[in-house]
Amino acid sequence: MEEKKPRALATQSAAKIPKFVRSNLSATLKAREEGKKVAYAFIMDGHDEIMRAMDIVPAWGESFSGLCAAKRDAEQYLQKAESENFSRSLCTYATCNLGFDILREEMGGETPPGAPWGGMGRPDMIIGSAQQLCDPRFKWPQATRHYLPDVPVFVGGMYYPPWDPQTDRREVEKFYVKYITEELRECVRFCEKVTGKKMDWDRLEAAVDLADRTWDLFDETYALRKARPTPMDTGDAMNTMVPITFNLGTQEAYDFYKELNAELREKVEKKEGVAEEEKYRLVWGAGLPSWFALGDFQYFNGKGAVFPAETTYHVAQPIDRLDLPNTSDPLEHIAWRLIRYYTHWYDKARQKPGSAPLVERIMEYVDDYKCDGVVFHSAFSCRSWHAGIILQAEVLRKVYGHIPILIMEGDIVDISSYNEADTHNRIDAFIETLEAYKNSRN
Ligand code: SF4
């Protein structure tokens, strides 16, 4: 399979990310000799600090599939999963991982040769969470266990209140917090059983505090992108999200955003932008990118279009903004933080008839980052999160009137759905729409 040349990056910090990903993977391979347990883990599941406090090494499934896609090396794993009757239209993060697991089991536990960056270590446990919306996140651990029958599984739900314009979120949040807190407690018990170690609650508290500070620093750092020209766009953010997404609760993640912050401040000072001439500012409204085609961000940049903000992987908000109730229970704190991350947009949406929280979030970025349009990416193999994209675009148009919107179509991992020439043609047409929109406003 052809390996794509890496995309040029606007920041030196983003260029350090491959080191993070490599070291996360190699930690899973070295864990056994270091006497640590490895857990298959999934993003935004609220288990980060629990794993860090218990010295459990997370093996991030979505990250590994994204890496296989970026290396254009996913096809062999997708085909392997297909040969076991997993449809390609299932989540390709899951099928890529499953294909890798099946191959490794067939090879007696040896990493399949040529696996990107040495592959992922075999897990001692699987710690999952469906985050309410995703059916593969429920079924993926179960399917994995079919091939790794000795590996115990914990899967939670991390439910948060669904959006209901008739209900004040405050009336229901506490029930969800109670549920999640108990689920996290169950997860701790599961980890204690598998590792044979007791949770160190002081260590957990310290990890939660570090995670809070990382959330604040991350948000403050990303807000520097409001500058014109923007010093970093979504193309780089799809890399700089790695520490907050996969290393939350570690000092390395915090230190990374310190460095990124300093770098962006310097760029703002020097007025160093992402595009040669910044003509159009866009919000990446939703959708995971095609990991094998990140160069498309550069194609946008070449047309003078930059992305100062995105909802995807902007997985942290300032802690103050969330107005979290005081609690001495670190698990309850994690639960409140997760719930309020979603629900704090509900109030704004209730004030605009016909709107929705995700749309309010996009409009907040359009206003705060002075953007001219919104781009979504609809990945065919994700039927949960990406399914709401067309609705979001419709609500945006209904509530906010004309605003140029592009919905790109493709996949996260499966390159067979991608045609570069067609994608670039659609971007070209969108740039013309943006130009006309800007002229009509001047
Ligand atoms: S949200 Fe979508 S991409 Fe993520 S695991 Fe679920 S189906 Fe896959």
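Look a little higher up for the structure.
Computed from a predicted model, the values in this text were never measured in an experiment.

Asks: I'd like a rundown of the nonpolar core, residues and numbers included.
Replies: Considering soluble globular proteins, one finds that nonpolar side chains tend to be buried as a cluster. Membership of the largest hydrophobic core comes to 112 residues, with the highest contact counts inside it found for I50, Y93, I127, W291, F300 and V375. The residues touching V375, leaving out its near neighbours within four places in the chain, are L282, V283, W284, G285, A286, F300, F307, L406, M408 and F430. With 21 residues, the next largest nonpolar core counts I362, M363, V395 and I403 among its residues.

Asks: Any details on the site of the ligand? Residues and values, ideally.
Replies: Taken together, the residues surrounding the ligand are C91, Y93, C134, P136, R137, L288, C382, S384 and I412. Broken down by class, the residue content of the shell around the ligand amounts to 7 nonpolar, 1 polar and 1 charged.

Asks: Got a sec to walk through the pattern of salt bridges? Specific residues and values, please.
Replies: Using the criterion set out here, one finds 32 salt bridges in the structure. The shortest N-O distance in the salt bridge between D329 and R185 comes to 2.8 Å. In this pair, D329 sits in the loop between α14 (319-322) and α15 (330-343) while R185 sits in helix α8 (residues 170-195), placing the two residues 144 residues apart along the sequence. Looking at D329, the relative accessible area reads 16%, which means it is buried. Here K303 makes a salt bridge to D428, at a shortest N to O gap of 3.3 Å. Remark: D428 occurs in helix α19 (residues 420-441) and K303 occurs in the loop between α13 (295-302) and β6 (305-310); sequence separation between them is 125 residues. Overall, K303 belongs to the partly exposed group, its relative accessible area being 31%.

Asks: Any chance you could break down the sheet that holds strand β1 (residues 38-41) for me, citing the residues and the numbers?
Replies: The strands that make up a sheet are held in pairs by hydrogen bonds between backbone atoms, and each pair lies either parallel or antiparallel. Read across the open sheet, the 4 strands follow the order β2-β1-β3-β4; overall the sheet is parallel. The two strands at the open ends of the sheet, each matched to only one other strand, are β2 (57-60) and β4 (153-156). Each strand of the sheet is rotated relative to its neighbour by a mean of 25 degrees, with strand direction disregarded. Pairing of β1 with β2 involves 4 bridges; the strand directions are parallel. Its bridge partner lying in β2, Y40 is registered against A59. In this fold α8 packs onto β3 (125-129) and β4, with an angle of close to 170 degrees to the strand it touches most, β3.

Asks: Got a sec to walk through the environment of Y299? Specific residues and values, please.
Replies: Here Y299 shows up in helix α13. A relative accessible area of 22% places Y299 in the partly exposed class. Along the sequence, Y299 and I427 sit 128 residues apart, while their C-alpha atoms lie 8.4 Å from each other. Beyond its immediate stretch of four places on either side in the chain, Y299 contacts H424, I427 and D428.

Definitions and cut-offs
- Residues numbered from 1 in each chain as written.
- Predicted model: local features only at pLDDT ≥ 70, side-chain atom pairs only at ≥ 80, totals over all residues.
- Heavy atoms only, no water.
- Core = buried A, V, L, I, M, F, W, Y, C linked by side-chain atoms within 4.5 Å.
- Buried < 20%, exposed > 50% of the residue type's maximum accessible area, 1.4 Å probe, protein only.
- Contact = heavy atoms within 4.5 Å.
- Near = heavy atom within 4 Å.
- Nonpolar A, V, L, I, M, F, W, Y, C, P; charged D, E, K, R; others polar.
- Salt bridge = Lys/Arg side-chain N within 4 Å of Asp/Glu carboxyl O.
- Helix = DSSP H or I, 4+ residues; strand = E, 2+ residues; numbered from the N terminus.
- Pairing = 2+ DSSP bridges.
- Axes fitted to C-alpha atoms, helices over the stretch in contact; angles between N-to-C directions.

Honestly, that's just the spatial picture; any functional story needs more than this.
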